[in-house]
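Below, each chain spelled out in residue letters.
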Amino acid sequence: SYNVVLVVNMINEVKNLKTINKRAFYDCANLTTINIQSLTDIGDEAFKNCTEYNINSDGFPINVETIGKNCFENSGIKNLTIQKDSKLKNISEYAFAYCAKLKTVDLSNSSIEKFEKYSFSNNNLLYKIYLPSTLKWIRDGVFYKCKSLYNIIFPPKLEGIGNKCLDTGTSDTKIYIQESLKTPPQFTIGNYIRSCYPFGKPNATSTPIIYVKAELGDIYKEKWKGKFYEIKTFTDSTEIPNLDDIT
């Protein structure tokens, strides 16, 4: 074991720290703050189970290229923002899963292209997420059991979505397809394009709703038929909710 306070104080004195290794602060339940702004790599499970740790007011470090698997799982993060100049391209498996205090995620200014499986799963208080326009893939279970996430707006470059990726555990979730997303995303399991359940297996009370531009309705109904949800149409983009108004 080691003195966490002493280690954190030493790290805060280092001006150009680049890497925090695997499990560096695993299970450090009393860790509350640490200067990570100069980092480029954060290892697997580095802050897992740090239930009081919340990224400081400077936001997520822009030079991080790699977030390890389960890196911030079950941490105390309340609000996550990835800045415009961030070099981060992928959110790793379970990176922000089981964060009991996480309420909002803003990735709108980032260049992230892929969410790996279950990366934001089981965040019961997460009610708002701004997806980046660069996002191409949402892998299996990304928003699994995010029971407060009622509105998800797909970005225009999305190419594929995985099994249970939108199984939030509530029938109140609504998915909005932007006008420019004219080709329905593929359903995938692993590397294979095949039939799967992005909303989980259906039950008697849950019928997720997808809203698409009126002229795209027939395309989506044909492409996504048999996937156990309802497709509705809207006529004007102003009918897509403004996430800024959701509190």
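(A) Region of the structure containing the sheet that holds strand 8 (residues 128-130). Strand order in the open sheet made by the three strands is 4-6-8, with parallel pairing throughout. Where the open sheet ends on each side, the last strands, each with one partner, are strand 4 (79-81) and strand 8. Across the sheet, the mean angle from the axis of one strand to that of its neighbour is 5 degrees, orientation sign disregarded. Here three bridges tie strand 4 to strand 6 (residues 104-106), and the two strands are oriented parallel to one another. Bridge pairing in strand 6 links N79 to T104.

(B) Geometry of the packing of aromatic side chains. Across all of its chains, the model carries 13 aromatic pairs by this definition. An angle of 10 degrees between the planes, with centres 4.8 Å apart, marks the rings of F47 and Y53 as stacked. When sorted by exposure, F47 lands in the same class as Y53, which is buried. Judged by centre distance (5.3 Å) and plane angle (5 degrees), the ring pair of F47 and F72 falls under stacked. With a gap of 25 residues between them, F47 in the loop between strand 2 (41-42) and strand 3 (66-67) and F72 in the loop between strand 3 and strand 4 connect regions that are remote in the sequence. Residue classification places F47 among the buried positions, given a relative accessible area of 0%. Each residue in the set F25, F47, Y53, F60, F72, F96, F115, F120 and F143 is aromatic and connected to the rest through ring pairs, giving one cluster. In this structure, R23 is placed above the aromatic ring of Y26, and the distance from its NZ or CZ to the ring centre is 4.0 Å.

(C) Representation of the pairing of strand 15 (residues 209-213) within the structure. Most of strand 15 sits inside the fold, with five of its five residues counted as buried. Across three bridges, the pairing between strand 12 (residues 174-177) and strand 15 is parallel. Each bridged residue has a counterpart across the sheet, and for K174 the counterpart in strand 15 is I209. Alignment of strand 15 against strand 16 (residues 230-234), held across five bridges, turns out to be parallel. Following the sheet pairing, Y211 is matched in strand 16 by K232.

(D) Examining the pattern of salt bridges more closely. One pass over the structure, following the stated rule, counts five salt bridges. Between E45 and K48 there is a salt bridge, with its nearest N and O atoms 3.8 Å apart. Each member of the pair E45 and K48 is classed as buried. Of the charged contacts in the structure, one is a salt bridge between E73 and K48, with a shortest N-O distance of 3.7 Å. Of the two residues, E73 sits in the loop between strand 3 and strand 4 while K48 sits in the loop between strand 2 and strand 3, which places them 25 residues apart along the sequence. K48 carries the same exposure label as E73, and that label is buried. Salt bridges sharing common partners tie together R23, E45, K48 and E73.

Rules behind the numbers
Residues numbered from 1 in each chain as written. Predicted model: local features only at pLDDT ≥ 70, side-chain atom pairs only at ≥ 80, totals over all residues. Heavy atoms only, no water. Pairing = 2+ DSSP bridges. Helix = DSSP H or I, 4+ residues; strand = E, 2+ residues; numbered from the N terminus. Axes fitted to C-alpha atoms, helices over the stretch in contact; angles between N-to-C directions. Phe/Tyr/Trp six-rings, centres within 6.5 Å; stacked < 30°, edge-to-face > 60°. Buried < 20%, exposed > 50% of the residue type's maximum accessible area, 1.4 Å probe, protein only. Lys NZ or Arg CZ within 6 Å of the ring centre and 35° of its normal. Salt bridge = Lys/Arg side-chain N within 4 Å of Asp/Glu carboxyl O.

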